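# Analysis of the macromolecular model
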Amino acid sequence: MVAIIHGTLVHTPIKGELAILRNCLLITNDQGNITLLKQDVAMETVPSILQQAGLPSGDTKVRYLSDYQFLMPGLVDTHIHAPQYPFTGTSTDLPLTEWLNKYTFPSEQKFQDTDWAKKVYGTLVRRLLRNGTTTAVYFASIHLEATQILADTTVGYGQRALVGLVSMDRNAPDDYVDTTATAISKAERFIQYCQHQATSLLTPVVTPRFIPTCTLALLEQLGGLARRYNVPVQSHISESLGEVAFVHQLHPDFESDATLFDACGLLTDRSIMAHGVHLTDTDVHLMAARGSGVAVCPLSNAYFANGVFPFQQHAALKTGLGTDVAGGYSPSMLTSIRQTVVSSSFGHDHPVVDWKTALYMATLGGAELVGLKDVIGSFAQGKQLDALVIDLTTEDSPLDLLLDTESMDLLVEKFVNLGDDRCIVDVLVAGNYVTPQ
Ligand SMILES: [Zn+2]
């Protein structure tokens, strides 16, 4: 299906800068790649342009956007735990280790039940698409079948997804842990399962939960899998002071999470490491040298990292944003954007990250972090069309437009700060409308 849209497009092709393309005509090919992106096209000239392009207007449906509608890039959630979705919005009252034992491991363990997996994952993927998350980087559980169901569900709903089967072989409950050999075998079988699917939207990810739940042997072998199958890596890095201290105790020979991951071949230019609040300057240099980046999760950083990601000190790193459901209470990336801005002002006299920069991290920055900078995250000829149609005047819109002088960048700012799924009237991935009904 070819997508054709005429109206205002907004995106952040450069960090911190909002670009507004007015009267823009955008056309994709059948594969969802943008083949035409032209500004200042009068609406009445669209039919003749389509005719010249061999797309007779009688056969082709053009989406004309109104003055209070705009097209923006789809949101990229670079860190979310799918099997924690059932308890989202609750249970953030404990420190990390106690939280894992009391809420997280029991919730994830239930995914040995494949019917439960189908129910939860179908609900979650629809919810994320409705909230504008066109790409999600998922942690699943240690269960092969349930993780395959998550992968199938994203494919079924047309979401772009990076999915990881969680690997752990120690420091977890007896009924929710694998031996090293089983963990490796499952991780490898899941990679093969995904790589045999006939879609470019699905990518498997090597996923050691975090260092405390993995032996050195497991981490080394996972590094080998990432290299052999050329797939991305995701984990948690230097999240809380307690976790950093525990890793020191387990591995006194290594200076930090980063040096240990690196020794195991898990710091690559496709590594998506969550949190990183307590990375040292040496860690940051190492990760930057390897091309690894951080999924910044402002809500769960407040709850579990007891800190704010230091954007200025860690500026050398690629950064995207994540919801970190359920350590973060909201599955909406708009909440992550807002919380990033708010928390970045702590200890400063202004927000270190403004809303345009946070929007960049939720779109093109996230795309860069997950290795898709040339594919999604902004509008350009040749890129895939992953986008949201925003309408600020829907009947149940959560925001009121009372001033008739509002410029488009103020309208976009209002959407970022006040909008929600009621304003997201359509969702496109690879040029296809995937809006949940
Ligand atoms: Zn996490």
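Residues numbered from 1 in each chain as written. Predicted model: local features only at pLDDT ≥ 70, side-chain atom pairs only at ≥ 80, totals over all residues. Heavy atoms only, no water.

With an unreviewed UniProt entry as reference, the protein is termed Guanine deaminase, source organism Absidia glauca. What UniProt states about the protein under its Pathway (unreviewed entry) heading is, verbatim, "Purine metabolism; guanine degradation; xanthine from guanine: step 1/1." As recorded by UniProt, the Function (unreviewed entry) comment attached to the protein reads in full: "Catalyzes the hydrolytic deamination of guanine, producing xanthine and ammonia." (UniProt positions renumbered as here; feature names shortened; annotations may be inferred.)

Summarizing the sequence annotation, UniProt attributes the feature "domain: Amidohydrolase-related" (unreviewed entry) to residues 70-433 in the numbering used throughout. Helix and strand shares over residues 70-433 are 40% and 17% respectively, and the end C-alpha atoms of the span are 16 Å apart. (Helix = DSSP H or I, 4+ residues; strand = E, 2+ residues; numbered from the N terminus.)

Once that is clear, we can look at the sheet that holds strand β10 (residues 202-204). Strands sit in the order β6-β7-β8-β10 across an open sheet of 4 strands; the sheet is parallel. A strand with exactly one partner marks an edge of an open sheet, and here the two such strands are β6 (75-81) and β10. Neighbour-to-neighbour, the strand axes of the sheet open up by a mean angle of 15°, direction not taken into account. One ladder, built from 5 bridges, connects strand β7 (residues 133-139) with strand β8 (residues 160-164); its direction is parallel. Residue pairing in the sheet places Tyr138 in a bridge with Val163 of β8. On the sheet, helix α4 (residues 144-157) packs against β7, β8 and β10 and is oriented at approximately 175° with respect to β8. (Pairing = 2+ DSSP bridges. Axes fitted to C-alpha atoms, helices over the stretch in contact; angles between N-to-C directions. Contact = heavy atoms within 4.5 Å.)

This part takes up the coordination of the zinc ion. At the metal site, the zinc ion is ligated by His79 (NE2), His81 (NE2), His236 (NE2) and Asp324 (OD), and these contacts range over 2.1 to 2.7 Å. One can describe the donor arrangement at the zinc ion as irregular, given that its 4 donor atoms subtend angles of 86 to 172° at the metal. In the primary structure, the donors to the zinc ion are separated according to the pattern H-x1-H-x154-H-x87-D. Taken as a pair, His81 in strand β6 and His236 in strand β12 (residues 233-237) lie far apart in primary sequence, 155 residues in all. Its relative accessible area of 6% is what places His236 among the buried residues. (Donors = N, O, S within 2.8 Å, 3.2 Å for Na, K, Ca; no water. Tetrahedral: all angles 85-135°; square planar, octahedral: opposite > 155°, others 65-115°. Buried < 20%, exposed > 50% of the residue type's maximum accessible area, 1.4 Å probe, protein only.)

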